[in-house]
Every structure is written in C-alpha cells, then in structure tokens.
Amino acid sequence: MTNHLNRLMAGPASSASSYQVQTGGSLLRARLALASGRAFGSSRNYRIVAAAACELVHNASLVHDDLLDRDTTRRGAPSVWKRYGDGVALCAGDLLLCAAFGVAADLDDPSESRLLAQHLSKMTGRIIVGQSVEIAQPENQSLPKLRAYLEATTAKTAPLIELPLISGAAAGGADQHTQDCIRQLAAAIGLAYQIIDDLDDLKSKRQPLHPFHAWHHHRQGQREAAEPRIRRATRHAIASLNRARRLLGKLEHREKISLGLTIDPLLAQLEQRALAHRRNHHSAGAPEGYDSIVAG
C-alpha cells in the first residue's frame with residue numbers, strides 16, 4: 001500500500017495521503033480481505049492486493065469524513081484537513097481512491113484485476129452516494145423517516161465491511177446465495193457500527209446533531225430524556241449484532257469455512273461499546289450540553 005503511494009507523483013496530496021496511511025489503524029478491512037480470501041480459496045497474490053485496496057478505500061473515506069465533519073484528530077494525530085488544509089485533504093482522499101484502483105490494476109491475472117476493480121467501483125460508489133444523502137439533508141428540514149435513515153446509514157458504512165468480504169469470496173468462486181448472505185452480514189454489522197459511532201458523538205459534539213444521526217431516530221418524543229433514547233439505540237445496535245452472528249453462523253455452516261476468528265472479536269468489541277453507552281448514560285443521566293446538541 002505504502003509502496004504504491006510512493007510511486008505516485010510527489011506533491012501535497014501524495015504527502016497528505018502517505019501521512020494518513022502512516023497513522024496506522026486496526027487494519028480491519030485488510031484482515032477481513034485476507035480471511036475471506038483464505039476461506040474461499042482465492043490466490044495469495046489476490047488476497048494481498050485486495051487487502052491493500054480495501055485499506056486505501058477506507059483511508060480515503062476517513063479523510064473525506066473528517067473534512068466534512070470537521071473532526072480535528074484521527075487515530076490520536078491531527079486529521080489530514082487540520083494538518084494540510086481543506087483543499088489538500090479533498091485531493092488526498094481522491095488520490096487514495098485512485099491508488100486503490102491502481103493497486104487492482106497491478107494484478108498479473110487480468111480476470112482477478114477486473115473482478116477486484118468491479119467490486120471497488122461498486123462499493124465506493126455506494127459509500128459516496130450514502131454520504132451524499134446525509135450531507136444533502138438541510139439542517140432545518142424535518143427529520144427523514146426511519147426507513148430513509150436506515151438506508152442511508154447502511155449505505156455509507158456497510159460497503160466498507162462488504163468490500164473485503166465479498167471480494168475474497170467472489171474471487172474464490174462463491175455462488176450468488178453465498179454472496180447475498182455476505183451482503184446481509186455486512187449490512188447488519190454496518191448498521192450496528194454506525195449507531196454506536198453516532199452515540200460516540202454525544203460525548204464529543206457540541207453543535208446540533210445531523211438529521212441522520214441515530215439519536216433522532218431512537219426517540220418517542222421530541223424532547224424525550226437521554227436515557228430511554230440511549231437504551232433504545234443500544235438495543236437496536238445489539239439486535240443488529242445478534243443478527244450478524246446468526247448470519248455468520250449460517251454462512252460458515254453452509255460453506256464449511258471459518259471467518260469467526262476475524263469477525264467475532266469485531267462483534268464483541270461493538271457490543272461492549274454499545275453496553276458501555278447504556279451503563280454510562282444510566283449512571284450519569286443526560287450528556288453534558290444535552291440542550292445544545294439535540295436539534296428539533
């Protein structure tokens with residue numbers, strides 16, 4: 001991944017892209033791509049390239065998310081826009097996406113290269129459209145319906161789970177039924193992840209929350225107290241995680257494969273975060289600045 005970035009034309013965007021990649025992270029997408037590729041029998045070279053491409057797409061999404069959300073830190077370091085400015089951050093995110101397709105193009109097997117590029121195009125397109133749905137919502141407009149919230153939330157988050165899983169499975173010859181199961185699994189994980197990530201914002205945001213924020217869509221009244229909303233949101237997230245566990249078990253049983261070593265720790269970590277929100281808000285009451293962060 002870093003080697004490919006080093007081959008790009010030198011400039012502010014490439015420097016900012018390298019900076020983003022070097023901040024580290026969990027490498028979850030790379031690990032999912034490697035695990036899926038091994039489980040379904042794709043070639044070793046394909047697995048490595050797919051892992052790098054997935055991480056590049058993920059990092060591109062982080063650069064653009066931080067820019068849009070005005071988050072000043074990422075992985076304990078200044079975010080790209082904070083260090084290099086808005087314009088360079090925008091270019092850096094674009095460059096990371098270009099690098100992902102460049103990595104796919106380097107595969108020696110033309111059919112593998114084409115397959116990976118197709119999945120990259122489809123998944124990144126969904127991420128971008130999902131993000132655009134969220135940011136296009138005017139702040140003063142009425143809240144979207146729950147179905148619209150669920151669709152937008154899944155669209156912006158699930159593809160980053162689906163991409164590494166589906167790319168490995170497809171390269172290994174997985175049939176349509178199996179790929180559909182993987183999509184459902186990724187959707188369940190993605191929804192839970194986004195709800196929990198939105199709840200994290202309650203601690204850090206001090207401005208009105210976006211209409212597509214989970215906070216709004218787990219209420220029964222406009223000014224409902226914090227605790228029942230948190231409890232309802234965590235219940236939704238945990239239900240989605242349990243659905244993911246059932247789908248994972250079904251997938252492993254049907255295909256006689258093992259993905260649990262990579263996915264189970266992710267599900268457990270997300271559940272712990274959800275339960276922590278429930279405990280913290282039960283003991284502490286409404287989050288500080290509640291009146292200022294709740295819009296509508």
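Everything here concerns the structure above.
Procedures and definitions
Residues numbered from 1 in each chain as written. Predicted model: local features only at pLDDT ≥ 70, side-chain atom pairs only at ≥ 80, totals over all residues. Heavy atoms only, no water. Helix = DSSP H or I, 4+ residues; strand = E, 2+ residues; numbered from the N terminus. Buried < 20%, exposed > 50% of the residue type's maximum accessible area, 1.4 Å probe, protein only. Contact = heavy atoms within 4.5 Å. Areas by Shrake-Rupley, 256 points an atom, 1.4 Å probe, with all protein chains shown as cover. Expected span 1.5 Å × (residues − 1).

K.L.:
What is the right way to read the overall build of the protein chain from this model?
P.N.:
Per the secondary structure count, the protein chain includes 13 helices and two strands. In the protein chain, which comprises 296 residues, the proportion classed as buried is 51%. Counting only contacts in the protein chain whose residues sit at least 6 apart along the sequence, the fraction spanning at least 24 positions is 75%. Roughly 13500 Å² of accessible area belongs to the protein chain as shown, and the carbon and sulfur atoms make up 54% of that amount.

K.L.:
Before we go on, may I ask you to explain unusual backbone geometry in this structure?
P.N.:
Trans peptide bonds make up most of the peptide bonds, and negative phi angles are found at most residues other than glycine. Not every positive phi belongs to a glycine, and arginine 70 is a case in point at roughly 60°. With respect to the secondary-structure elements, arginine 70 resides in the loop between helix 4 (44-69) and strand 1 (73-74). For arginine 70, a relative accessible area of 39% gives the class partly exposed. Even without being a glycine, arginine 75 presents a positive backbone phi close to 55°. Looking at the element boundaries, arginine 75 is found in the loop between strand 1 and strand 2 (77-78). Exposure remark for arginine 75: the relative accessible area of 28% places this residue in the partly exposed category.

K.L.:
Looking at this structure, how should I read helix 6 (residues 86-105)?
P.N.:
In an α-helix, one turn spans 3.6 residues, which is why side chains three or four residues apart end up on the same side. With 20 residues, helix 6 should cover 28 Å at 1.5 Å per step; its first-to-last C-alpha distance of 29 Å lies within 8% of that length. Buried within helix 6 are the following residues: Ala89, Ala92, Gly93, Leu95, Leu96, Leu97, Ala99, Ala100, Gly102, Val103 and Ala104.

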